[in-house]
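Secondary and tertiary structure notes
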Number of protein chains: 2
Amino acid sequence: MHIMADPHAVQLDALKRRARAESIGFVPTMGFLHSGHRSLMDLVRPRCDHLVVSIYVNPLQFCPGEDLDEYPRDPEGDAELCSGAGVDLLFMPETLYEPGHASTVSVSGLTDGLCGARRPGHFDGVTTVVSRLFGLVQPTLAVFGEKDYQQLAVIRRMTRDLALPVEIIGAPLVRDTDGLALSSRNKYLSADQRIQAQSLSQTLFAIQAAVAAGNRDVRALLALGRTSLNVDRIDYLEIVDPDSLQPMDRVDRPARALVAAFVGQTRLIDNVALCPA
Amino acid sequence: MHIMADPHAVQLDALKRRARAESIGFVPTMGFLHSGHRSLMDLVRPRCDHLVVSIYVNPLQFCPGEDLDEYPRDPEGDAELCSGAGVDLLFMPETLYEPGHASTVSVSGLTDGLCGARRPGHFDGVTTVVSRLFGLVQPTLAVFGEKDYQQLAVIRRMTRDLALPVEIIGAPLVRDTDGLALSSRNKYLSADQRIQAQSLSQTLFAIQAAVAAGNRDVRALLALGRTSLNVDRIDYLEIVDPDSLQPMDRVDRPARALVAAFVGQTRLIDNVALCPA
């Protein structure tokens, strides 16, 4: 496995590969890798000639007051995980942007609700960094976890709108044995908080079960969910159309239930598919 | 010369060429081609394996009240000019954007002044369409005229910021024998208006001569320019840094003089380099 820090060197290497028809798989990350990330790599590894993972804690996607400075880091552990996953190139830039960077890529509509409403500028930061990473890495396919469900929808939209020749793959969310969705931020949780945090997935599973049992009324489903959430603050709990992310009144077709909540200072997100029988 | 309308077919063809290491030159236009456009093609033709010209009157870069609906069109004449210039592929999409298009590429700073201040949203439209065209056409090099000097600076910035692997070439402005900068919009001018329009280049040449003669004071240079402009409305007349586009006080280093003015209902632009000896 090669480790590179220089964006231009990464691009030069990528363009050479593309000019000889190699396929490039790409997993962009913010590091502190866990088995959720590993599952993304495992998904792409058999589908590409050359597998690139990037690690960059992107300041543009953090809002004021968020955990940019404390975001957990473990470059040695990350390199070991990547090496074990058969990654060819680990791209770890110190700085990613050009001096005087002035460009923003934004997606309207899909970013209005959910995390977009609570984290102003967050998705502009995501789409801007992903655009630049795609420019540097020149992937033919890239994978994003369904854990960040809204992010995946936004990136799909951007990729289509800007005609980026990258196949976007959504990868299933990975949970710990207690149901908690894997996240680098779980590291912040104390033992007691971890028990509270489990109520996110438990709530979503309860909603899923209610839908399977025939409950179609979103208002009732969300009320049920709110009573079962054992958190310090609910950021949102919503049931939306899986493509447009618009709120639904009745689950009479496939839908997505999403939650964001604070346990202590830690903001956690989770989501599940709702499939009426 | 092939003529294609389908964006996806154009991209498919481009990706195949890139995968066998062909270079692709690209001249994006809004059609109604004249010898200014031809000069862009002549500049790129010897430098690429495959030359693509696009013709698309991009609604996103027109502001309310501008001449979108009346923008002159001549598809047959355009095809003839392209064919004569050795163009390989003429890309003439009927619609360019995806249904539900929601993505915008924007550049801050460089777009604040000059045309950016007078045409809100114009440069967002330009950078968004150029991004998408780059995605479809997959050029290795693309050429833009210095006639749209601010546009060229904005596109250079976007290309660098988003790490698009495209070499951007700026091509010298082309003038008619009477000094008028070539523009598809010159077609709107009556014989009398055309004489008025000549005062744009005459003004810029007068400023250029004054700088060459030792005048360094921007205020004085602009006052001189304003008296020589014979137009119905001056939109702006400015002397700016050629890279940052920030206004300058003294021309003690290379600078750019730019003018935008209305002759009748027609908005014309022009610019020249200022080089203190």
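Residues numbered from 1 in each chain as written. Chains lettered and ligands numbered in written order. Predicted model: local features only at pLDDT ≥ 70, side-chain atom pairs only at ≥ 80, totals over all residues.

Below, the discussion takes up the relation of the copies chain A and chain B. Each copy of the sequence occupies a distinct position, and chain A is placed on chain B by a rotation of 180 degrees and an axial shift of 0.0 Å, giving an RMSD of 0.0 Å. Here the transformation between the copies is reduced to the relation of a two-fold axis. Comparing interface residues between copies, 100% of those in chain A also sit at the interface in chain B, which points to an isologous, same-surface contact. (Least-squares fit on C-alpha atoms with pLDDT ≥ 70 in both. Contact = placed C-beta atoms within 7 Å.)

The subject of this paragraph is the domain arrangement of chain A. Residue and element names in this part refer to chain A. According to the domain assignment, chain A contains domain 1 (2–171) and domain 2 (184–274). The C-alpha-based centres of domain 1 and domain 2 are spaced at 26 Å. Taken together, the contact between domain 1 and domain 2 spans 12 residues of the former and 10 residues of the latter. Taken together, the elements giving at least two residues each to the side of domain 1 that touches domain 2 come down to helix H4 (114–118) and helix H6 (149–161). For the side of domain 1 that touches domain 2, the per-class residue count stands at 8 nonpolar, 3 polar and 1 charged. (Domains from an automatic or database assignment. Helix = DSSP H or I, 4+ residues; strand = E, 2+ residues; numbered from the N terminus. Nonpolar A, V, L, I, M, F, W, Y, C, P; charged D, E, K, R; others polar.)

Moving on, we get to the interface of chain A and chain B. With 29 residues of chain A at the contact, the number on the chain B side is 29 residues. Summarising the sheet, strand S5 (residues 103–107) of chain A and strand S5 (residues 103–107) of chain B pair through 5 bridges and their orientation is antiparallel. If you follow Val105 of chain A over to S5 of chain B, its bridge partner there is Val105 of chain B. (Pairing = 2+ DSSP bridges.)

Below, the discussion takes up the packing of helix H7 (residues 191–212) of chain B against helix H8 (residues 218–228) of chain B. All names here are of chain B. One can describe the packing of H7 onto H8 by two numbers: an axis separation of 9 Å at closest approach and a directional angle of 150 degrees. Judged on the interaxial angle alone, H8 and H7 are roughly antiparallel. Note that H7 runs across H8; the crossing there is right-handed. For the pair H7 and H8, the contacting residues are Ser199, Gln202, Thr203, Ala206, Ile207, Ala210 and Val211 in the first and Leu221, Leu224, Gly225 and Ser228 in the second. By residue class, the composition of the contact of H7 with H8 is 6 nonpolar, 5 polar and no charged. (Axes fitted to C-alpha atoms, helices over the stretch in contact; angles between N-to-C directions. Parallel < 35°, antiparallel > 145°, perpendicular 65-115°, else oblique. Left-handed = near helix turned anticlockwise from the far one by under 90°.)

Let us now look at the sheet that holds strand S1 (residues 2–4) of chain B. All names here are of chain B. With parallel pairing, 6 strands are arranged side by side in an open sheet as S1-S4-S3-S2-S6-S7. Strand pairing shows two members of the sheet lacking a second neighbour, S1 and strand S7 (167–171), which therefore form its edges. Strand-to-strand twist in this sheet, taken as the mean axis angle between neighbours without regard to direction, amounts to 25 degrees. In this structure, S1 lies alongside strand S4 (residues 89–91), joined through 3 bridges in parallel fashion. By the bridge assignment, Met4 is partnered in S4 with Phe91. Packed on one face of the sheet, helix H6 (residues 149–161) meets strand S6 (141–145) and S7 and runs near 170 degrees to S7.

Formed by 150 residues in total, the largest nonpolar core has its most connected members in Val137 of chain A together with Val137 of chain B. Filtering out sequence-adjacent residues up to four positions away, Val137 of chain A remains in contact with Val10, Ala14, Ile24, Phe26, Val52, Ser54 and Phe91 of chain A. (Core = buried A, V, L, I, M, F, W, Y, C linked by C-beta atoms within 7 Å. Buried ≥ 20, exposed ≤ 12 C-beta atoms within 10 Å, placed from the backbone.)

Across residues other than glycine, the phi torsion is negative in most instances, and most of the peptide bonds are trans. Residue and element names in this part refer to chain A. A positive phi angle, close to 55 degrees, is found at Ala163, a residue other than glycine. The topology assignment puts Ala163 in the loop between H6 and strand S7 (167–171). A positive phi is found at Leu245, a non-glycine position, where the angle reads about 65 degrees. By the secondary structure assignment, Leu245 is in the loop between strand S8 (233–240) and strand S9 (255–263).

Before going further, it helps to spend a moment on helix H1 (residues 7–19) of chain B. Taking 1.5 Å per residue, 13 residues should reach 18 Å; H1 of chain B reaches 18 Å between its end C-alpha atoms and fits that length. Residues of H1 of chain B that are buried: Pro7, Val10, Asp13, Ala14 and Arg18 of chain B. Here the buried residues of H1 of chain B occupy an arc of 135 degrees about the axis, which is enough to place them on one side. Seen from the buried face of H1 of chain B, the exposed residues on the opposite side, beyond 90 degrees, are His8 and Lys16 of chain B. On the buried face of H1 of chain B, the contacting elements are helix H1 (7–19) of chain A together with S1, strand S2 (24–29), S4 and helix H5 (122–137) of chain B. Directly beyond the C-terminal end of H1 of chain B, a positive phi value near 65 degrees is found at Ala21 of chain B. (Expected span 1.5 Å × (residues − 1). Arc of directions from axis to C-beta.)

Our focus in this paragraph is helix H2 (residues 35–44) of chain B. All names here are of chain B. The complete set of buried residues in H2 reads Gly36, His37, Leu40, Met41 and Val44. An end-on view of H2 places all buried positions within 145 degrees of arc, on one side of the element. On its buried face, H2 is in contact with S2, strand S3 (50–55), S6 and S7.

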